[in-house]
Amino acid sequence: LACTVFEPTPEPGASSHPSRAGAGAEATEQRACVVHCHGNGACRLAGFRLVPLLLPLGIGVCCFDFAGSGMSGGEYVSLGHFEKDDLSVVIDHLRTQLGFSHIGLWGYSMGAATALMHAARDPTLAGVVAD
């Protein structure tokens, strides 16, 4: 999956990733990220508009291409059925590899349907915007 993650600039004197102390380590700081889920026929670039809105608030933005869209491999789009599994992989990566402790979803059209399908099985999400 092709993915772009925008992270807030750390405060002066702070570690660039204070919660990346290693696998299984406790996070030392709460970090939030909103995952943009694009619509059918679109790609991760549609989510770039969220960057100037969320980064100044200290919230990261993750934009990715579902399988079969944009720069991601795949032959077809299932309008959410299999895309929810793509979303699970992205969220797992944000939590385990990048140390984000709070994840929100912002979906448009097919991305909104995907976000809702994923939210039904992930009660740890901080919130969902379904447009």
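See above for the structure.
Fair warning: this is a prediction, and the values are worked out from it, not measured in the lab.

## Regarding the overall build of the protein
Secondary structure assignment for the protein yields three helices and five strands. Within the protein, the proportion of its 131 residues that are buried is 36%. Carbon and sulfur atoms provide 57% of the accessible area of the protein, an area that totals close to 6900 Å².

## Focus on the side chain of S72
Summarising the element assignment, S72 is placed in the loop between β3 (59-64) and α2 (83-96). The exposure class assigned to S72 is buried, which follows from its relative accessible area of 10%. Within the structure, the side chain of S72 is placed 2.8 Å from the backbone nitrogen of A2, a separation counted as a polar contact. The contacts of S72, once residues within four sequence positions are left out, are L1, A2, D65, F66 and A67.

## Some details on the pattern of salt bridges
For the structure shown, the criterion picks out four salt bridges. Its salt-bridge partner being R31, residue E7 comes within 2.4 Å of it at the nearest N-O pair. Of the two residues, E7 is situated in the loop between β1 (3-6) and β2 (32-37) and R31 in the loop between β1 and β2; the sequence distance between them amounts to 24 residues. The exposure class of R31 is buried, given its relative accessible area of 8%. With a closest N to O distance of 3.5 Å, D122 and R95 form a salt bridge. Taken together, the residues span a long stretch of sequence, with D122 in the loop between α3 (110-119) and β5 (127-130) and R95 in helix α2 at a distance of 27 residues.

## Let's talk about α3
Buried within α3 we find M110, G111, A112, T114, A115 and H118. Its buried side turned inward, α3 meets β2, α2, β4 (102-107) and β5.

Cut-offs applied
- Residues numbered from 1 in each chain as written.
- Predicted model: local features only at pLDDT ≥ 70, side-chain atom pairs only at ≥ 80, totals over all residues.
- Heavy atoms only, no water.
- Helix = DSSP H or I, 4+ residues; strand = E, 2+ residues; numbered from the N terminus.
- Buried < 20%, exposed > 50% of the residue type's maximum accessible area, 1.4 Å probe, protein only.
- Areas by Shrake-Rupley, 256 points an atom, 1.4 Å probe, with all protein chains shown as cover.
- Polar contact = N/O pair within 3.5 Å; in protein donor to acceptor, adjacent residues only side chain to side chain.
- Contact = heavy atoms within 4.5 Å.
- Salt bridge = Lys/Arg side-chain N within 4 Å of Asp/Glu carboxyl O.

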